[in-house]
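Single-letter residue listing:
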Amino acid sequence: MEAQLKELIPFLRDKNPQVRQIALSNLLGQTPEGSPHRNIFYHGLGGAGLQKPKETDIIRDLKLLCRDQLAVAHDAFRALVNLSDSPLLVPFLSEPAFLTFLVSYILNADSILADLASMLLSNLTASSSPCAALLALKVPIIKIPSSPNPLFPTQSRSGTSSAPVPHPSEEPQDILALPLLIDAFVEGASIDPSEDRSSRKRKGELHFLASVFANISTSPAGRTFFVTSRPMDPLNPNSTNEYPLSKIVVFTEHQDTIRRGGVASTLKNCAFSSQAHRAILSSDTEAVVVPPSTLFAPGIDALPYILLPLAGPEELDLEDQEKLPSALQFLPSTKKREADSVLRLTHIETLLLLCTTRWGRDYLRDHGVYEIVRGAHMEETVDKVSEHIERLVQLLKGDEGVGTAYESDVVRVGGQEEEEEDDDEDNRIEEV
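Asker: Explanation requested: the pairing of strand β1 (residues 138-143) in the structure shown.
Answerer: Here is the key point about a regular strand: its side chains alternate between the two faces of the sheet. Sheet topology note: the β1/strand β3 (residues 173-176) ladder contains four bridges and is antiparallel. By the bridge assignment for β3, Ile141 is matched with Gln173. The sheet contact formed by β1 and strand β2 (residues 151-153) spans three bridges and is antiparallel. Opposite Lys143, over in β2, you have Leu151 as the bridge partner.

Written as structure tokens, this is what we have:
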């Protein structure tokens, strides 16, 4: 059987698109993890001795077929999504030319398979080297102000991603990719999935970009990007400054689990940076700066989006209601908490990280965090989440000693901000 499958590989380069489709559709079934002949895709990738790993014909073909007509490109993207869980493939899928195509394809609003491309990018950024490459990546963009889609990524052209007609005559400019991906992610949330794809402003919903952001924010450089002030419009350097994180925090209660989970993890990872706590929590009516940057921007005002998934329909006293952010006051009787216990834990861990400074603890106390998590604790059915809520309550209700009077104090909650090693592995907060 394996020999017969290998005989199909040369047909991936056949001039006839039907032949390419038949060959690829027969190979696709061997790409998921656990498939008996999956090794045919990895054979020869590892290199030998001192030799550098070399890209094989089949991987090169699959990358090229992502630019083919719809049926072929769909199966090529699916194959690479399935295969990209292997570290052997990461260097070849994150090389500059393919990474530029992949990101440009996602950015193009007319790309039919943008969601599959987002899944592939999500898998790739599970490794550190593609994260670093994506942080620095610039893609060539032509601005089209008069078009419904005001930008055209020139490297996105393929059989499933059309170019504007007439083709713009302007010269492309190299623009940092990550701010553009954030804007595309925000736009994708407004797509009605029941609407006919041909009439959508953007063909993909791009939920998996949330996982890309979560992966990038596990590194210090990634966290710095999300909490460093930059122009709101990536195509206009003179536009008002804002924090990139502020654009995505609104999705913590989105109906799609992947989107809200990735956003929750990004927010938690950014909370590992104690210097950013004031910006993360401050209202958007207050200008804040996060060192080492000297550029001010409106606060991210993330607390309502952390607490809403933890809030239920419980009625609070008027005095307690007044403490809460306005978005959490007088919630309806139909309000439901986050159903996924992993995401509930993520939000509690974010609050624990925000307690690592005295300023953060005082802010959380003054804005009703205890009142919300008290109700959440009463309804919680998962022991690990309950234990983390109890630790949070201890920090919020505990007395502040002389040693915690300074802004830079660190309370031990696990993970990177610890002063001492936490012996209990279950209580350690880790980047996700």
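Asker: For this particular structure, what's the right way to read helix α7 (residues 114-124)?
Answerer: Structurally, the α-helix is built with 3.6 residues per turn, so residues lying three or four positions apart point the same way. Among the eleven residues of α7, eight are classified as buried, and the element is accordingly described as predominantly covered. Inspection of α7 places Ala114, Leu116, Ala117, Ser118, Leu120, Leu121, Ser122 and Leu124 among the buried residues, and these make up the whole buried set. Packed against the buried residues of α7 are α4 (70-83), α5 (90-93), α6 (96-107), α8 (128-136), α9 (177-188) and α10 (209-216).

Asker: Can you walk me through the pattern of salt bridges in this structure?
Answerer: Opposite charge on two side chains makes pairing possible when the charged atoms of those side chains draw close. Summed over the entire model, instances satisfying the criterion amount to 22 salt bridges. The partner of Glu242 in a salt bridge is Lys247, with the nearest N and O atoms 3.4 Å apart. Note on accessibility: Glu242 and Lys247 belong to one class, buried. The partner of Asp362 in a salt bridge is Arg358, and the shortest N-O contact between them spans 3.1 Å. Taken together, the residues Asp362 and Arg358, both in helix α18 (residues 358-366) and four residues apart, mark about one turn of the helix. With relative accessibility at 26%, the residue Asp362 sits in the partly exposed group. A single salt-bridge network, built from bridges that share partners, covers Glu55, Asp57, Arg60, Lys63 and Glu95.

Asker: Is there a simple way to think about helix α19 (residues 369-379) in this case?
Answerer: Of the residues making up α19, those classed as buried are Val369, Glu371, Ile372, Val373, Gly375 and Ala376. Those residues of α19 that are buried are in contact with α15 (303-307), α16 (318-323), α17 (341-354), α18 and α20 (383-397).

Asker: I keep staring at the environment of Ala287 and nothing clicks. Help me out?
Answerer: Among the secondary structure elements, Ala287 is positioned in strand β6 (residues 287-288). For Ala287, a relative accessible area of 51% puts it in the exposed group. Spatially, the C-alpha atoms of Ala287 and Ala71 are 50 Å apart, while their sequence positions differ by 216 residues. Sequence-distant contacts of Ala287, defined by excluding residues within four places in its chain, comprise Phe296, Ala297 and Pro298.

Asker: Hey, could you run me through the side chain of Asn215 in this one?
Answerer: For Asn215, the position within the fold is in helix α10. We classify Asn215 as buried; its relative accessible area is 18%. Among the polar contacts listed, one links the side chain of Asn215 to the backbone oxygen of Ser122, at a separation of 3.1 Å. Leaving out residues up to four positions away in the same chain, Asn215 has contacts with Ser122, Thr125, Ala126 and Cys131.

Asker: Got a minute to help me understand the environment of Tyr370 in this structure?
Answerer: Tracing the sequence through the fold places Tyr370 in helix α19. Accessibility expressed as a relative area gives 22% for Tyr370, which makes it partly exposed. Apart from the residues within four sequence positions on either side, Tyr370 is in contact with Val393, Leu396 and Lys397.

Asker: Help me understand the packing of α9 against α10 in this model?
Answerer: In helix packing, the relevant descriptors are the interaxial angle and the interaxial distance, both defined with respect to the helix axes. Running from N to C, α9 and α10 point in directions that differ by 140°, and their axes come no closer than 10 Å. Both α9 and α10 take part in a crossing whose hand is left-handed. Taken together, the residues of α10 that come into contact with α9 (itself represented by Leu178, Leu181, Ile182 and Phe185) are Leu209, Ala210, Phe213 and Ile216. When the residues that make up the contact of α9 with α10 are grouped by side-chain class, the tally is eight nonpolar, no polar and no charged.

Asker: Mind showing me how you'd approach the nonpolar core here?
Answerer: Grouped burial of nonpolar side chains is what soluble globular proteins tend to show. Counting residues in each nonpolar core, the largest one holds 112 residues, and the members touching the most others are Phe77, Leu121, Leu181, Leu245 and Leu351. Ignoring sequence-local partners within four residues, the contact set of Leu245 consists of Phe226, Val227, Thr266, Leu267, Cys270, Ile280 and Ile300.

Asker: How should I be thinking about the side chain of Asn269 in this particular structure?
Answerer: Examined against the element boundaries, Asn269 turns out to sit in helix α13 (residues 257-270). Look at Asn269 and you get buried, because its relative accessible area is 0%. Apart from residues lying up to four places away in sequence, Asn269 is in contact with Ala214, Ser217, Thr218, Arg223, Glu431 and Val432.

Asker: Looking at this structure, how should I read the packing of aromatic side chains?
Answerer: Think of a pair of aromatic rings as described by two things: how far the centres are apart, and how the planes are tilted against each other in angle. Across all of its chains, the model carries eight aromatic pairs by this definition. Taking the centre distance of 6.0 Å and the plane angle of 45° together, the rings of Phe98 and Phe101 count as tilted. With a gap of three residues between them, Phe98 and Phe101 both fall in helix α6, about one helical turn apart. In terms of burial, Phe98 and Phe101 fall into one category: buried.

Asker: I tried to follow unusual backbone geometry on my own but got confused; where do I start?
Answerer: Excluding glycine, residues mostly have negative phi values, and the peptide bonds linking residues are mostly trans. Going from Val165 to Pro166, the amide bond is cis rather than trans, its omega being -5°. Tracing the backbone shows Pro166 in the loop between β2 and β3. Following Pro291, the chain continues to Pro292 via a peptide bond in cis, the omega torsion being 5°. Residue position: Pro292 is located in the loop between β6 and β7 (297-298). Backbone geometry places Leu206, a non-glycine residue, at a positive phi of 65°. Mapped onto the elements of the fold, Leu206 is located in the loop between α9 and α10. We classify Leu206 as buried; its relative accessible area is 0%. Even without being a glycine, Asp301 presents a positive backbone phi close to 55°. Take Asp301: its relative accessible area is 21%, and that puts it in the partly exposed class.

Calculation notes
Residues numbered from 1 in each chain as written. Predicted model: local features only at pLDDT ≥ 70, side-chain atom pairs only at ≥ 80, totals over all residues. Heavy atoms only, no water. Pairing = 2+ DSSP bridges. Helix = DSSP H or I, 4+ residues; strand = E, 2+ residues; numbered from the N terminus. Buried < 20%, exposed > 50% of the residue type's maximum accessible area, 1.4 Å probe, protein only. Contact = heavy atoms within 4.5 Å. Salt bridge = Lys/Arg side-chain N within 4 Å of Asp/Glu carboxyl O. Polar contact = N/O pair within 3.5 Å; in protein donor to acceptor, adjacent residues only side chain to side chain. Axes fitted to C-alpha atoms, helices over the stretch in contact; angles between N-to-C directions. Left-handed = near helix turned anticlockwise from the far one by under 90°. Nonpolar A, V, L, I, M, F, W, Y, C, P; charged D, E, K, R; others polar. Core = buried A, V, L, I, M, F, W, Y, C linked by side-chain atoms within 4.5 Å. Phe/Tyr/Trp six-rings, centres within 6.5 Å; stacked < 30°, edge-to-face > 60°.

Purely geometric numbers; function is a separate question.
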